[in-house]
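# Examination of the molecular architecture
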Amino acid sequence: MSALWSVGAGLLLLLLWVRHRGLEAVLVHHRWVFVCFFLLPLSILFDIYYQLRAWAVWRLHSAPRLHAQRVRQIQEQVREWKNEGNKRYMCTGRPGWLTVSLRVGKYKKTHKNIMINLMDVLEVDSEREVVRVEPLVSMGQLTAYLNPMGWTIPVVPELDDLTVGGLIMGTGIESSSHIYGLFQHTCVAYELVLADGSLVRCSPTENSDLFYAVPWSCGTLGFLVAAEIKMVPAKKYVKIHYEPVRGLQKICEKFTEESKKKENSFVEGLLYSLDEAVITTGVLTDEAEQSKINRIGNYYKPWFFKHVENYLKADKTGIEYIPSRHYYHRHTRSIFWELQDIIPFGNNPVFRYLFGWMVPPKISLLKLTQGEAIRKLYEQHHVVQDMLVPMKSLEKSIQTFHVDLNVYPIWLCPFILPNNPGMVHPKGDEPELYVDIGAYGEPKRKQFEARASMRQMEKFVRSVHGFQMLYADCYMTREEFWEMFDGSLYHKLREQMNCKDAFPEVYDKICKAARH
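First, a word on scope: everything that follows refers to the structure included in this document.

Rules used throughout
Residues numbered from 1 in each chain as written. Predicted model: local features only at pLDDT ≥ 70, side-chain atom pairs only at ≥ 80, totals over all residues. Heavy atoms only, no water. Axes fitted to C-alpha atoms, helices over the stretch in contact; angles between N-to-C directions. Helix = DSSP H or I, 4+ residues; strand = E, 2+ residues; numbered from the N terminus. Parallel < 35°, antiparallel > 145°, perpendicular 65-115°, else oblique. Left-handed = near helix turned anticlockwise from the far one by under 90°. Contact = heavy atoms within 4.5 Å. Pairing = 2+ DSSP bridges. Polar contact = N/O pair within 3.5 Å; in protein donor to acceptor, adjacent residues only side chain to side chain. Buried < 20%, exposed > 50% of the residue type's maximum accessible area, 1.4 Å probe, protein only.

What describes two packed helices is the angle between their axes and the distance between those same axes. In contact at an axis separation of 9 Å, helix α9 (residues 248-259) and helix α16 (residues 394-404) are set at 130° when each is read in the N-to-C sense. Our classification of the angle between α9 and α16 gives oblique. For the element pair α9 and α16, the recorded crossing hand is right-handed. On α16, the residues that touch Leu248, Gln249, Cys252 and Phe255 of α9 are Leu394, Glu395, Ile398 and Gln399.

Spatial ordering of the open sheet is given by β3-β4-β8-β6-β7, a layout of five strands whose pairing is antiparallel. One side of each edge strand has no neighbouring strand; the edge strands of this open sheet are β3 (121-125) and β7 (199-202). Averaged over all adjacent pairs, the angle separating strand axes in this sheet is 15°, with direction ignored. The sheet contact formed by β3 and strand β4 (residues 130-133) spans four bridges and is antiparallel.

Relative to the assigned elements, Lys254 resides in helix α9. Among the polar contacts listed, one links the side chain of Lys254 to the side chain of Glu258, at a separation of 2.8 Å.

Negative phi values dominate among residues other than glycine, just as trans dominates among peptide bonds. Note the cis peptide between Val359 and Pro360, where omega equals 5°. Along the chain, the position of Pro360 falls in the loop between α13 (349-355) and α14 (363-368). Residues Tyr408 and Pro409 are joined by a peptide bond in cis, for which omega reads 0°. Relative to the helices and strands, Pro409 resides in the loop between α16 and β15 (410-417). Of note in the backbone geometry, Cys218 takes a positive phi value of approximately 55° without being a glycine. Secondary-structure assignment places Cys218 in the loop between α8 (208-213) and β8 (223-230). The buried category is assigned to Cys218, whose relative accessible area is 13%. A positive phi angle, near 60°, is found at Phe336, a position not held by glycine.

In structure tokens form, the structure reads like this:
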């Protein structure tokens, strides 16, 4: 009883303090208070709900049976839109705050919202080595479903809440992408409801133009209702080798060298300053030295990027065995390194042991509760960007990131880019090795100005035939955007399938110059 009185008294004092300081002041300058006391418990409730729902669907085997019915409901909504006279564009009815993208999409308020409640795994085909899923299936949900069966998918993008639909309509990457390519390159078929209400399946051999045009289109060609993704056998552990490297030229040479080795199941670089990095390589295995097993995903463990940094500080190499699912979601608990700006003491051992089981807060809830003041603050003094550039331009690109942003750590993730049709492909006729350079945090560059700095960055990326991930803020003009991306197939299909009255152009949907 005394414990309850203590908790009650503490909450009362907290509420009085919030009232004294003002809610907006607390949310902006002491956001950790709101996150720790409200968003973390709420995030746990969200997780419990979705886990119970997934378990119920699995027990009742209802997903395949209800899928066709739900798709028909989507078709009916589209036909209803047609009968209303095509007066406004369509978009998914999923609230903008539920997406992992930090961009605030205002188009939901003016477009016809089509409700798409598709969030289940439909079928695991072991003979074809393919899993068929609905678009709102998350990476955490999918790996939890497949791993006990002995399967996984080739590219498991970081963060549990990333969805299949978002990774197809946008893009996704992981440290296995130097072998398999981007997430879209591991997909073998899509099913879409088009602007006329028809249901279409597309693959490399069936409606192939649509298959190659869908990735990066951000839902502007049709509504994704199912996808088929390749599976690969899962193994118990990833044998990780950590190697600190100093000197920018040596970092780039080592990273390129390891990225070209197909025997490496995983390759990742964490750049802690302009000339200090740790290159990690991993190999899937079922055997492990017991003394070197590190269950890094346990709630009380140090954040992964901090754990890796210890090898740099000690200036020593190291080998560990990480359970494979822990490895796939190694950056989830700290949202890469974004959580250190929200909960500055989040990696403290005391906090991890007492409250680490509640971390991380849902990104969707962070968006929902950020308010206009925080949104403007983040927009002007915070960057979350992934730029995809040819590996041959890595050194020059890092120097550009340092001059224009000066944000560390920087994430380096290699990927092979095949010369397929669509919006994103290499300049030549052959597949080319690229690298994702991810910058997440507060720029340390003096006189940083979001729009000017990012336009300078985008200009550089275009100059080396690179690409900007479309989940983030984009400041390009329409001409610059279509200079970066190949719109020939995309525009051809929008014309053929009468999309122009049904969906906005991808540029109008995602770029700040079009949205403001």
